[in-house]
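Summary of structural features
Given next are the chains, with one letter for each unit.
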Amino acid sequence: MNGYNDNIHQQQIDKLVQLFPEVVTEGKIDWQKLQSTLGEAVDLGERYGLGWKGKGDVFAAIQEKTVQTLHLDRANSVDWDTTGNMFIEGDNLATLKILHKAYYGKVKMIYIDPPYNTGNDFIYNDDFKQTRRSYETEAGITDDEGNVVRDDGLRTNTGGHKHSNWLNMMYPRLFLARNLLRQDGVIFVSIDDNEVHNLRLMMNEIFGEENFVAQIVWQRKRGKDNSAKFLSRNHEYLLVFARSIDDLNFNRLELDETTLKAYKNPDNDPRGAYRLLGVWARGTQGGSKYEFKSKTGQVFSERLWLMNKESMTRLDEEDKLVYSPSSDKIYRKLYVSENSGNIPETIWSDASNAANAADEIKKIFEFQIFDTVKPIPYIKRMLRLTTDDNDIILDFFSGSGTTAHTVAELNAEDGGNRRWICVQLPELTDEKSEAYEAGYRTIADIARERIRRAGAKIRVDQADKLASRSVPLDLGFRAYRVGDSNFKQWNELVSDPEEIRQQALANLDPLEEGTTDDDLLAELLLKRGISPLAQIDQHDDFCFVSSEKLVICLVHSMTEELFATILAAKPSSIIILDRAFGDDINLKVNLLLQAERQGVEVEVV
């Protein structure tokens, strides 16, 4: 391992090389050869697309490698040893890169509620830990009293810069998020009128216009705003894109009470309640044309039917046809058990609202701790439509933790074992807010506490249902924080020979001071492309990841006896700290040769 997380830039090049090996010259892509290979498919003229100031820098941000990792936060975790959920505090762009290798193509559903770009709801420096005032002062845009000292487009989110800054923030995150989705995965993004037009074009570009599923209108207000200048804005949007539209499968919604009332059983049919549907074609085209004779001998003249003759005959034999005594019409029985559910519509006026969401979080904290929370039924509908038992759900703009709360509730209701990953920046709460007065210094603090309280409430409210589960409901989570690597980083800018020598001496021990085995294990797993939640068999002096046949040994002193024990576990690869060999080069060489003879790869870090 070179210390970096996934090299996304190299992955893209590798895909291109695999498709067009003939365009590679001395390890580089020859653009002219690629253009000639693609021929008329390459258009260098004017074309339709979304452009903005700084778009070129977006791809540099995507390709920039990171050495950051996740650090364990056991104190803020719940059920650490048994949970399959993760709450990550830190920058979500860094987090997506850290998770990229381990979760590539594994997430079934993503829901995010990003900043809507109302003018003051995000700071374009990918650091939400600062207030706008402190950031502008630090950047030299304003002085200590708030007076403008230079104008570089970052002072306020207005005009063209307003949209450019927001697009620069969103594009790399959505690009990386797409890579984490399974082929049958789907992403939902909440947005309002400020950026819905740009978001739609941006997602067309990233996901492909052919993978657009819907632009849902959600009625977020249950009343109208009479103080509005022109119109009361009662709605928001929910953009839905598939990773691959051909692989996407949407579930149906449960039948509502009005629909269920239409199903009756007047003849006590043992197959249950049903409704009657006409089987004749009402137009002059479509369907199958034939004369039909029922098993009772009744003849129906030639006409257009909605199904072929064989299907009609089969329904008749199964006593699923009803004949009108006063006309020549035939109806089929559609049983409630045969109804796959209601097809979802693109207007959601019945998926709760913002006022209800406020009430939900008040019940958890007993005061309005968070202002822009989404309602549980709203997110629950998305989950019901697109996820099943063991799916992974990701929310990298987690806010107050509604997504995690909703997944837990739905699992309790339908017996599922869905797992979630939530990411939230440690954005500071307002010092004048009730949340701050209650001791919550960051939004991440609020989210973790909400998830803890929600889990405790579910455990009490649904005790009977939980007792009947074959697998205990997972109401815990592992808490992590994004931070620097546990390995010392080589400063490539150093050129002075003496400084290089000093740096080399300092790096003889490559680990940062204070590094813990737990943190180091998490980093090694992630950079190997393994989830830190993977099942690990703990032995006295090493751990074994059985799914990968990988041994990770973090001892500070290696012996021949310990190495023989490791090989006896029959791993396919081993990771050992270089410090474990001390100055004994012969021991290191001998043990590596033993492993090589058994076909075991050894990586010394």
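Position labels on residues start from 1 in each chain and follow its written sequence. The predicted origin of the model limits local features to residues at a pLDDT of at least 70 and limits the giving and counting of side-chain atom pairs to 80 or more, whereas totals for whole chains, interfaces and linings rest on all residues. Each side-chain value is worked out from all heavy atoms of the structure, with water and hydrogens disregarded.

Side chains of Glu209, Glu210, Asp246 and Asp247 sit close together on the surface and give a patch of like negative charge. Topologically, Asp246 is positioned in the loop between strand E8 (235-242) and helix H8 (257-261). By relative accessible area, which is 72% here, Asp246 ends up exposed. Like-charged residues are merged into a patch within 9 Å and nonpolar side chains (Val, Leu, Ile, Met, Phe, Trp, Tyr) within 5 Å, provided each residue has over 30% relative accessible area and no salt bridge. Reported accessibility uses the Shrake-Rupley method at a 1.4 Å probe radius. Residues are deemed covered only where the shown protein chains occlude them. Salt bridge criterion: a side-chain nitrogen from Lys or Arg within 4 Å of a carboxyl oxygen from Asp or Glu. Neither His nor the chain termini are counted; the positive set is Lys and Arg, and the negative set is Asp and Glu. Every charge is mapped to an atom, namely NZ of Lys, CZ of Arg, CG of Asp or CD of Glu. Only DSSP runs of H or I reaching four residues or more are called helices, and only runs of E reaching two or more are called strands; each is numbered from the N terminus. Note on classification: 1.4 Å probe, protein chains only; a residue is buried when its accessible area is under 20% of the maximum for its type, exposed when over 50%, partly exposed between these limits.

Topologically, Thr403 is positioned in helix H12 (residues 402-414). Definition of a polar contact: a pair of N or O atoms within 3.5 Å, with one able to donate and the other able to accept a hydrogen when the atoms are protein atoms, and with sequence-neighbouring residues admitted only if both atoms are side-chain atoms. Of note is the side chain of Thr403, whose polar atom sits 2.7 Å from the side chain of Asp395. Setting aside its immediate chain neighbours within four residues, Thr403 contacts Tyr111, Ile379, Ile393, Asp395 and Cys422. Any two residues having at least one pair of non-hydrogen atoms within 4.5 Å are treated as being in contact.

The next point concerns the sheet that holds strand E3 (residues 69-72). Taking strand neighbours across the sheet as the criterion, the ten strands line up as E3-E17-E4-E16-E15-E5-E6-E8-E7-E14 in an open arrangement whose pairing is mixed. Of all the strands in the sheet, just E3 and strand E14 (347-348) have a single pairing partner and so form its edges. Only C-alpha atoms enter the line fits that serve as axes; for helices the fit covers just the stretch in contact. Angles between N-to-C directions range over 0 to 180 degrees. Against the sheet, helix H7 (residues 196-207) makes contact with strand E6 (181-191), strand E7 (212-219) and E8, and its axis sits at roughly 5° relative to E8, the strand it touches most. Of the strands in this sheet, strand E5 (107-112), E6, E7, E8, E14 and strand E15 (392-395) touch helix H11 (residues 376-386), which is tilted by about 160° from E5. Two strands pair if DSSP finds at least two bridges between them.

This part is about the confidence of the model for the chain. Counting all residues, the mean pLDDT for the chain is 88, and 87% of those residues have values of 70 or more. Per-residue confidence from the predictor is given as pLDDT, running between 0 and 100. The low-confidence segment residues 126-136, where pLDDT is below 50, has 37 contacts with residues more than four positions distant or belonging to other chains. Every residue in residues 150-159 scores below 50 in pLDDT, and together they form 23 contacts with partners more than four places removed in sequence or on other chains.

Now for the nonpolar core. One finds Leu174 and Met202 to be the most contacted residues of the largest nonpolar core, which totals 52 residues. Among the elements that line this core, the one with the most residues is helix H6 (residues 159-180), at ten residues. Setting aside anything within four residues of it in sequence, one finds Leu174 in contact with Ile112, Ile187, Val189, Leu199, Met202, Met203, Ile206 and Phe207. Buried Ala, Val, Leu, Ile, Met, Phe, Trp, Tyr and Cys residues that are joined via side-chain atoms within 4.5 Å together make up what is termed a nonpolar core.

Moving on: helix H10 (residues 354-365). In this analysis, the expected span of each helix is defined as 1.5 Å times one less than the number of residues it contains. The end-to-end C-alpha distance of H10, which contains twelve residues, comes to 17 Å, matching closely the 16 Å that a straight helix rising 1.5 Å per residue would cover. Along H10, the residues that are buried comprise Ala357, Ala358, Glu360, Ile361, Ile364 and Phe365. Buried residues of H10, seen end-on, are gathered within an arc of 160° and therefore sit on one face of the element. The elements touched by buried residues of H10 are H11, H12 and helix H14 (443-461). Comment: arc refers to directions from the helix axis out to C-beta atoms.

Running from N to C, H11 and H12 cross one another at 65°; their axes reach a closest spacing of 9 Å. Crossing geometry of H11 relative to H12 is assigned as right-handed. Seen from H11, the contacting residues are Ile376, Ile379, Lys380, Leu383 and Arg384; seen from H12, they are Thr402, Thr403, His405, Thr406, Val407, Glu409, Leu410 and Glu413. Crossings are sorted by hand: turned counterclockwise from the far helix by less than a right angle, the near helix makes the crossing left-handed, and turned clockwise it makes it right-handed.

The next subject is unusual backbone geometry. At Asp79, a residue that is not glycine, the phi angle is positive and equals roughly 55°. Mapped onto the fold, Asp79 is located in the loop between E3 and strand E4 (86-89). Under the relative-accessibility criterion, Asp79 is labelled partly exposed at 40%.

Strand order in the open sheet made by the five strands is E18-E19-E20-E21-E22, with mixed pairing throughout. Where the open sheet ends on each side, the last strands, each with one partner, are strand E18 (537-538) and strand E22 (601-604). Looking at chain direction, strand E21 (residues 573-576) and E22 are connected through four bridges and run parallel. Paired with Ser573 across the bridge in E22 is Glu601.

Attention now goes to the packing of H12 against H14. Remark: H12 packs on H14, axes separated minimally by 9 Å, with the N-to-C direction vectors making an angle of 15°. Considered as vectors, H12 and H14 are oriented roughly parallel to each other. Handedness of the crossing formed by H12 with H14: right-handed. Taking contact as the criterion, the partners of Thr402, Ala404, His405, Ala408, Glu409 and Ala412 in H12 are, on H14, Arg450, Ile451, Ala454 and Ile458. Polarity classes work like this: nonpolar for Ala, Val, Leu, Ile, Met, Phe, Trp, Tyr, Cys and Pro, charged for Asp, Glu, Lys and Arg, and polar for all others, with Gly in that last group. Of the residues belonging to the contact of H12 with H14, the class tally is six nonpolar, two polar and two charged. Here roughly perpendicular refers to angles of 65 to 115 degrees, roughly parallel to angles under 35, roughly antiparallel to angles over 145, and oblique to all remaining angles.

Here H14 spans 26 Å end to end across 19 residues, near enough to the 27 Å set by a 1.5 Å rise per residue. Of all the positions in H14, only Ile443, Ala444, Ile446, Ala447, Arg448, Glu449, Arg450, Ile451, Ala454, Gly455 and Ile458 are classed as buried.

Turning next to the layout of surface pockets. Using a grid of 1 Å spacing that covers the protein atoms alone, one calls a set of points a cavity when a 1.4 Å probe fits there but cannot get out, and a pocket when the set is open and has protein on both sides within 12 Å along at least five of seven lines; lining residues are those with an atom within 4 Å of a point. Grid points are joined across faces, edges and corners, and a volume is the space filled by probe spheres set on the points. Considered as a void within the structure, the second largest pocket measures approximately 900 Å³ in volume. What lines the second largest pocket is a set of 45 residues, among which Arg478, Pro532, Leu533, Ala534 and Ile536 lie closest to the centre. Listing elements by their share of the lining of the second largest pocket, those giving two or more residues are strand E16 (419-424), strand E17 (478-483), helix H17 (517-527) and strand E20 (550-553). Residue contributions to the lining of the second largest pocket peak at five residues, all from H17. Its residues assigned to classes, the lining of the second largest pocket shows 23 nonpolar, ten polar and twelve charged.

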